[in-house]
Amino acid sequence: MLTKKNLLRTSLCLSLFASPLSFAETFSFVSEHKVTADTLVVYQAGDALSSELKALDKQSNNQISRALTRQQFTGEQDQVVDMLLPNGLAASRLLIIGVGDTTSLSAGNINKLGAQLTAKLRQDKSPDANQVDIITAGIDAAGSNATFAAELAHGINLRAYQFDKYLAEKKPAEKHFTIQTSSSSRAEDKYKQLAAVEAGVFLARDLTSEVPSALTPVEFAAAAQSLKQHGVKVSVLNPKKIKQLGMGALHAVGRGSDEGARLVVAHWQGSKDAPIALVGKGITFDSGGYNIKATGDSISRMKSDMAGAAAVLGTVKALAMQKAEVNVVAIMPMAANMVSHTAFAPGDVVMTAEGLTVEVLNTDAEGRLILADGLWYAREFYEPQVMVDVATLTGSKVRALGRRYTALFSDHDDLVTSLTASGEHVEEKLWRLPLAYEDLLTSPIADLKNAGYGGPGATTAATFLQQFTGETKWAHLDIAGSALAAKDKGITPAGGTGHGVRLLSHWLMTYHIDK
């Protein structure tokens, strides 16, 4: 039942997320362009100057070629020559940026080039730098020059995003980029798709960066409702319904907070194929429960323990905005893992909707509990042909792979191959780890226990989840360590990263489903 307080929270949250996101920067793609902006950027592959750069060099009375020689510029990736007041040019600043070997440039590599430009321009406080002209002629990468131009814009925007809600000094003024490319229409079409992905990434970043007292399961559910404007079917199960359906694990984890748990479902039915289910862990704050996170400062980052849910919701938004011909449903079990007199306790036994009982040895191993009921719900009500769950699940994953790789668990080689390929494409790389140590999950008083002490934590957590997947083809992505960035790097500004949206969006658009 919605109280007046909850209605106010819902309306506030809808106002935050209902309107279309304004993108950080704006772009025009043109086939021919006369340089008029204060800042001109030219991308160059190799040391043989492109025809456009040769023409500019001639205008500068060979000042450009002399500067390139002096700085030993060879067109390799990450090389940048920055010239102020170049002779004979309308622009007062010229940036020449190397792209390296174009045959090996993936979309993710190009995105990083765009992010590099954003970082460089952010250093310039001049108001004239808000208009930027870019020449990409001669750079054929990721399929074509038009694709290069669109992916470049995508990277510029991904880095330009900033969660500035609580900052006195807001993000810099928008820049407008005019990008010269061989086919402006093809670049525009490609960028429309990428802009939809950006919207999904930005939603996931907004949700992950939001403070935990402002983003409880109720507020997350309200944010999900905003996707209805894009044709997404959204439903929310409250604690009473969750309990009625027998989802005792999800209900137990939510008991420690006043509002309790929620199960949020967002369904984009862009085709009549059997759906693909994305199940995202949604712990809006993880205190650890009675096994409280009492050492170090990790607890201060636990607002990001719902990043899996944010990623799958952002993916649904990205696909819906593209009107993608895919049938995808996001199942998001949501709870705040808090300490209170109603919270579940170590030693409790909870009943899952699967019919398996679980002995709770550690209340800080709560993510796998809510995912267990989420996986059951996906199978029971949607009969998906494939399930992929996404979760900031274990510190063990960070110790095993660090923060640059996502851990991938699956017994289905085709899923491993296709997900890994999409990760390579967008530079959100995956590394396969084994499903094993099931014997460590046995309990003397229940069917399972929620912590496999003595084994590799990421693997035992994944193996626990496997018990709730039935015969459905399934993969588990452990994104621990990748959800929150401490500083700007690559395409990711500090804060919530939206990690997984680009990977899943690409995978869903390219995965060949069973007919």
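Residues numbered from 1 in each chain as written. Predicted model: local features only at pLDDT ≥ 70, side-chain atom pairs only at ≥ 80, totals over all residues. Heavy atoms only, no water.

## Re the side chain of Asp133
Here is the rule: In this description a helix means any DSSP run of H or I spanning at least four residues, a strand means any run of E spanning at least two, and both kinds are numbered starting from the N terminus. When a residue's accessible area, from a 1.4 Å probe over protein chains only, is under 20% of the maximum for its type it is buried; when over 50% it is exposed; and in between it is partly exposed. We count Lys and Arg on the positive side and Asp and Glu on the negative side, and we leave His and both chain ends out. Take a side-chain nitrogen of Lys or Arg and a carboxyl oxygen of Asp or Glu: if they are within 4 Å of each other, that pair is a salt bridge. Distance and chemistry together define a polar contact, namely a pair of N or O atoms within 3.5 Å, with one atom able to donate a hydrogen and the other to accept it when in protein, and with adjacent residues in sequence counting only for side-chain atoms on both sides.
Looking at the secondary structure, you find Asp133 in strand β5 (residues 131–135). The charged side chain of Asp133 is buried without a salt bridge, its nearest counter-charge being Lys34 at 11 Å. One polar contact links the side chain of Asp133 to the main-chain amide nitrogen of Thr36, over a distance of 3.0 Å.

## Considerations on a nonpolar patch on the surface
The test is simple: Patch rule: a residue counts if its relative accessible area is over 30% and it has no salt bridge; like charges are joined within 9 Å, and nonpolar side chains (Val, Leu, Ile, Met, Phe, Trp, Tyr) within 5 Å. For every accessible area listed, the method is Shrake-Rupley and the probe measures 1.4 Å; residues are considered covered only by the protein chains on display.
Residues Tyr290, Ile292 and Val339 make up a contiguous nonpolar surface patch of about 270 Å² in total accessible area. Summarising the element assignment, Tyr290 is placed in the loop between β10 (282–286) and α10 (307–322). Classification of Tyr290 by relative accessible area gives partly exposed; the value is 43%.

## Concerning the packing of aromatic side chains
Aromatic rings considered in pairs are described by the distance between their centres and by the relative angle of their planes. Just so we agree on the cut-off: Only the six-membered ring of Trp is used, alongside the rings of Phe and Tyr, when aromatic pairs are assigned; centres must lie within 6.5 Å, and planes under 30 degrees apart are stacked while those over 60 apart are edge-to-face, with the rest tilted.
The final tally for this structure, using the stated rule, is twelve aromatic pairs. Taking 6.4 Å as the distance between ring centres and 65° as the angle between the ring planes, the aromatic pair formed by Trp376 and Tyr377 counts as edge-to-face.

## Notes on the confidence of the model for the chain
Condition: The pLDDT value tells you how sure the predictor is about a given residue, anywhere from 0 up to 100. Residues count as neighbours in contact if any of their non-hydrogen atoms are within 4.5 Å of one another.
Taken as a whole, the chain shows an average pLDDT of 92; of its residues, 94% reach a score of 70 or greater. When the criterion is pLDDT under 50, residues 1–23 qualifies, and its contacts beyond four places in sequence or with other chains add up to 36 contacts.

## Brief notes about the sheet that holds strand β12 (residues 349–351)
Heads up, the rule is: At least two bridges found by DSSP between two strands is the condition for calling them paired.
Judged by pairing direction, the sheet is mixed, and its three strands sit side by side in the order β12-β13-β17 without closing on themselves. Pairing within the sheet leaves two strands with one partner each, and these edge strands are β12 and β17 (448–449). Sheet topology places β12 next to strand β13 (residues 357–359); three bridges connect them, and they run antiparallel. Within β13, the residue paired with Val349 across the bridge is Glu359.

## Some points on the sheet that holds strand β3 (residues 80–84)
Under the convention used in this document: For helices, the fitted axis covers only the stretch in contact; all axes are lines through C-alpha atoms, and the angles between them, taken along N-to-C directions, range from 0 to 180 degrees.
The strand order across the open sheet built from six strands is β1-β6-β5-β2-β4-β3, with neighbouring strands paired in mixed fashion. The sheet is open, and its two borders are formed by β1 (26–30) and β3, each paired with just one other strand. Between one strand axis and the next, the sheet turns through 20° on average, direction left out of account. Pairing analysis gives five bridges linking β5 to strand β6 (residues 176–180), with the strands arranged parallel. Its bridge partner lying in β6, Ile134 is registered against Ile179. Strand contacts of helix α3 (residues 63–70): β3 and β4 (93–98), with the helix running at about 135° to β3, the strand carrying the most contacts.

## A few points about the pattern of salt bridges
Taken as a whole and judged by the stated rule, the model has 14 salt bridges. Across the salt bridge formed by Asp82 and Lys120, the nearest N and O atoms sit 3.6 Å from each other. With Asp82 in strand β3 and Lys120 in helix α4 (residues 107–122), this pair connects stretches of sequence that are 38 residues apart. Of the charged contacts, one joins Glu366 and Lys281 as a salt bridge, the two residues approaching to 3.7 Å between their closest N and O atoms. A residue pair is termed long-range when its members are at least 10 positions apart, and Glu366 in the loop between β13 and α11 (367–382) and Lys281 in the loop between β9 (276–280) and β10 qualify at 85 residues. Judged on exposure class, the residue Glu366 and its partner Lys281 are both buried.

## A look at the pairing of strand β11 (residues 327–337)
In terms of residue burial, β11 counts as a mostly covered element, since eleven of its eleven residues are buried. As paired strands, strand β8 (residues 262–269) and β11 are joined by eight bridges and run antiparallel to one another. Residue Leu263 lies in a different strand from β11, and its bridge partner there is Pro333. Across four bridges, the pairing between β9 and β11 is parallel. Residue pairing for β11: Leu278 is matched across the bridge by Ala330. Inspection of the sheet shows β10 paired to β11 by four bridges, in the parallel sense. For Phe285, the partnering residue across the bridge sits in β11 and is Ala336.

## Notes on the nonpolar core
What counts, and what does not: By convention a nonpolar core is built from buried Ala, Val, Leu, Ile, Met, Phe, Trp, Tyr and Cys residues, the set being connected through side-chain atoms within 4.5 Å.
Grouped together as the largest cluster of nonpolar side chains are 60 residues, with contacts concentrated most on Leu207, Phe220, Trp268, Leu313, Met332, Val388 and Trp507. The element best represented in this core is α10, accounting for ten residues. Aside from chain neighbours lying at most four places away, what touches Phe220 is Leu207, Leu215, Val264, Met306, Ala309, Ala310, Leu313, Met332 and Met334. Counting residues in hydrophobic clusters, the runner-up holds 46 residues, among them Leu263, Leu433, Leu435 and Leu448.

## Topic: the packing of α10 against helix α15 (residues 501–510)
Defined as follows: An angle below 35 degrees is read as roughly parallel, one above 145 as roughly antiparallel, one from 65 to 115 as roughly perpendicular, and any other as oblique. Each crossing gets its hand from how the near helix is turned against the far one by less than a right angle, where anticlockwise is left-handed and clockwise is right-handed. Charged residues are taken to be Asp, Glu, Lys and Arg, nonpolar residues to be Ala, Val, Leu, Ile, Met, Phe, Trp, Tyr, Cys and Pro, and polar residues to be all remaining types, Gly included.
For the pair α10 and α15, interaxial distance at closest approach is 9 Å and the crossing angle is 50°. The angle between the axes of α10 and α15 places the two elements in the oblique class. For the crossing formed where α10 meets α15, the hand is right-handed. Residue-level inspection shows Ala311, Val312, Gly314, Thr315, Ala318, Leu319 and Gln322 of α10 in contact with α15, the latter providing Val501, Leu504, Ser505, Leu508 and Met509. Its residues assigned to classes, the contact of α10 with α15 comprises eight nonpolar, four polar and no charged.

## Details of the packing of helix α6 (residues 184–209) against α10
At a minimum axis distance of 8 Å, the contact between α6 and α10 shows a crossing angle of 155°. It follows that α6 is roughly antiparallel to α10 by the angle criterion. Of the two possible hands of crossing, α6 and α10 adopt the one that is right-handed. Seen from α6, the contacting residues are Gln193, Ala196, Val197, Ala199, Gly200, Leu203, Ala204, Leu207 and Thr208; seen from α10, they are Ala307, Ala310, Ala311, Leu313, Gly314, Lys317, Ala318, Met321 and Gln322. Split by residue class, the contact of α6 with α10 holds twelve nonpolar, five polar and one charged.

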